[in-house]
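As a plain string of letters, each chain reads:
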Amino acid sequence: MAKCDEYIQETEFRAADSASREVLTGKNREEPNILERFIQPCLVELLGSTLFLSIGCLSVLVNPHGAGPLLPALAHGLSLAVVISVLGNISGGHFNPAVTLSVVCCGGLTPILLVPYWTCQLSGGMLGALLAKGLADEESFLNHSGAACMVDGGTSVGKAVGVEIVFSFFLIFAVVMGAVGERSRTPLASYSIGLTVITGILAGGSISGSCLNPARALGPAVVSGYWDYHWVYWVGPASAAILVSLIYR
């Protein structure tokens, strides 16, 4: 009996000690501070947008005439998949003002970060376009209008808007369902999003350029001064963002 009592006392002591450690661990675990909640995500959106859009713009500048959209499509899609994979856990990996708008409307991001995210993404677009200009030769920059998004000369503006809405919807839907939705979230979201961008550029690039991203449109427009039908690349993605939000809700 004595040995049995000693065993019971020792077991209770270990259980109490384990519970105490759990309580202390819970007390010592701190909530994310202002730096982690607000500043780091914005800086990540700035960095990721700059990297992604500089590679995308550069792929357009170095793409030979008549080579087709394959090179820009792969460069945009793969670079986006990479930056989402490595930076997505910090900011959500938007790198697109239209995506941020939809995620906020869907409840996946606090509205306080909407304008700071937009500011960082648009700034990243301009920095990326400027970086691409510095890496490419001047002749290529001029021949490709600074990688600006352009509506094809043989296409109506209405069709260009339609392409931007349809493929922006496809892209934003992949982001919301693959990375935000609790029941549909998948670890393959970054690759799904990258493949969606590749699909959009291959299918609609010859009509509107398949910009699908206001930051991608603004950066080259500012650097090159090419503003023809620039509004198309804001109306299309913004409309798609609202449609995705309504369907998700």
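Counting starts from 1 at the beginning of each chain's written sequence and moves along it residue by residue. Where totals are concerned, whole chains, interfaces and linings use all residues; where local detail is concerned, this predicted model gives features only for residues with pLDDT of at least 70, and gives and counts side-chain atom pairs only at 80 or more. Just so you know, side-chain values use all the structure's heavy atoms and leave hydrogens and water out.

### Brief notes about the nonpolar core
Thought 1: Core analysis: the biggest nonpolar cluster contains 39 residues, and Phe 52, Leu 80, Phe 95, Leu 109, Ile 172, Val 176 and Ile 193 have the highest contact counts within it.
Thought 2: In this text, helices come from DSSP runs of H or I with a minimum length of four residues, and strands from runs of E with a minimum of two, each type numbered from the N-terminal end. Of all the elements in the fold, those that place two or more residues in this core are α2 (34–61), α3 (70–91), α4 (97–105), α5 (114–135), α7 (157–180), α8 (189–204), α9 (214–224) and α10 (232–248).
Thought 3: Ranked by the residues each element gives to this core, the list is headed by α7, at eight residues. Buried Ala, Val, Leu, Ile, Met, Phe, Trp, Tyr and Cys residues that are joined via side-chain atoms within 4.5 Å together make up what is termed a nonpolar core. Accessibility here uses a 1.4 Å probe with only protein chains present; expressed as a share of the type maximum, an area under 20% marks a residue as buried, one over 50% as exposed, and anything in between as partly exposed.

### Some details on the packing of aromatic side chains
Thought 1: When two rings of Phe, Tyr or Trp (its six-membered ring) have centres within 6.5 Å they constitute a pair, described as stacked for plane angles under 30 degrees, edge-to-face for angles over 60, and tilted for the intermediate range. Applying the stated criterion across every chain yields a total of one aromatic pair.
Thought 2: Ring geometry for Phe 169 against Phe 173: centres 5.8 Å apart, planes inclined by 10°, an arrangement best described as stacked. Taken as a pair, Phe 169 and Phe 173 lie in helix α7 at a separation of four residues, close to a single helical turn.
Thought 3: Judged by relative accessible area, Phe 173 falls into the partly exposed class, the value being 32%.

### Points about α3
Thought 1: By this rule, a helix spans an expected 1.5 Å times one less than how many residues it contains. Between its terminal C-alpha atoms α3 stretches 29 Å, which fits the 32 Å expected from 22 residues at 1.5 Å a residue.
Thought 2: Working definition for bend: take the seven residues up to and ending at a residue and the seven starting at it, fit an axis to each, and measure the angle between the axes. Remark: the principal bend of α3, roughly 45°, maps to Ser 85.
Thought 3: Note on α3: the residue one or two positions beyond its end, Gly 92, has a positive phi of about 100°.

### Considerations on unusual backbone geometry
Thought 1: Within the chain, Ala 147 stands out as a residue other than glycine whose phi angle is a positive 65°.
Thought 2: Residue placement: Ala 147 occurs in the loop between α6 (138–143) and α7.
Thought 3: The phi torsion at Tyr 229 lies on the positive side, around 55°, for a residue other than glycine.
Thought 4: Judged by relative accessible area, which is 42%, Tyr 229 ranks as partly exposed.

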